[in-house]
Amino acid sequence: MSLDVSPKLLAEAERGQVSEGDFVETVRTSLPYAYDLIAGLVGELGDGQREFADNHTPPPSERERGQLLRALASDAIRGSLERHFGVTLAFMNCHRVAVFRPAAQGGETHARFTSLRSQILNQSPEFRDC
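Nothing here was measured: the structure is a model prediction, and the numbers come from that model.

Scoring rules and cut-offs
Residues numbered from 1 in each chain as written. Predicted model: local features only at pLDDT ≥ 70, side-chain atom pairs only at ≥ 80, totals over all residues. Heavy atoms only, no water. Axes fitted to C-alpha atoms, helices over the stretch in contact; angles between N-to-C directions. Helix = DSSP H or I, 4+ residues; strand = E, 2+ residues; numbered from the N terminus. Parallel < 35°, antiparallel > 145°, perpendicular 65-115°, else oblique. Left-handed = near helix turned anticlockwise from the far one by under 90°. Contact = heavy atoms within 4.5 Å. Buried < 20%, exposed > 50% of the residue type's maximum accessible area, 1.4 Å probe, protein only. Pairing = 2+ DSSP bridges.

**Details of the packing of helix H1 (residues 7-15) against helix H2 (residues 20-30)**
Argument step 1. Contact geometry for H1 and H2: axes closest at 11 Å, N-to-C directions at 140°. Taken together, H1 and H2 sit at an angle that is classed as oblique. The chirality of how H1 crosses H2 is left-handed. Between H1, through Lys8, Leu9 and Glu12, and H2, the contact on the second element is made entirely by Asp22, Phe23 and Thr26.

**Notes on the pairing of strand E3 (residues 96-100)**
Argument step 1. Where burial is concerned, most of E3 is hidden: five out of the five residues are buried.
Argument step 2. Side chains Arg96, Ala98 and Phe100 project from E3 onto one buried face, and the interleaved Val97 and Val99 project onto a second face that is buried too.
Argument step 3. Where strand E2 (residues 88-92) and E3 come together, five bridges link them in antiparallel fashion. Bridge pairing in E3 places Leu89 opposite Val99.

**Structural notes on the sheet that holds strand E1 (residues 52-54)**
Argument step 1. The three strands are arranged E1-E3-E2 in an open sheet whose pairing can be described as antiparallel. At either end of the open sheet lies a strand with only one pairing partner, and these are E1 and E2. Recorded for the sheet is a direction-independent mean angle of 20° between the axes of neighbouring strands.
Argument step 2. Inspection of the sheet shows E1 paired to E3 by three bridges, in the antiparallel sense. For Phe52, the partnering residue across the bridge sits in E3 and is Phe100.
Argument step 3. Its contacts with the sheet put helix H4 (residues 62-73) on E2 and E3, and the angle it makes with E2 is roughly 125°.

Function cannot be read off these values alone, since they describe shape.
The structure is reproduced here in structure tokens:
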């Protein structure tokens, strides 16, 4: 299971009303590596002029890699993190996460980062089994 869902959050979901804040807190505590990595990148992006901030450091173990993959593979988790942090996420390979300002989505830099060409150029043998 990718999320450690509290009885309170489960009860909310059963009633049909889920607080996004409660959901994000569940993501933060269930997938701390992924949450902290994204939070750190958001901090790097800051209020400055950078178009995006991205991570090049592989996770310390497969456990952390799994957290990152689960967070970014789920539309609900990914969307909640984007709304929570006010960014657009982009993902490549097994760990290269980028945060963009929402206005940058579809722009030249975002399109280049998410392009087929960029994906191919960022491949290497160590990524084959991640």
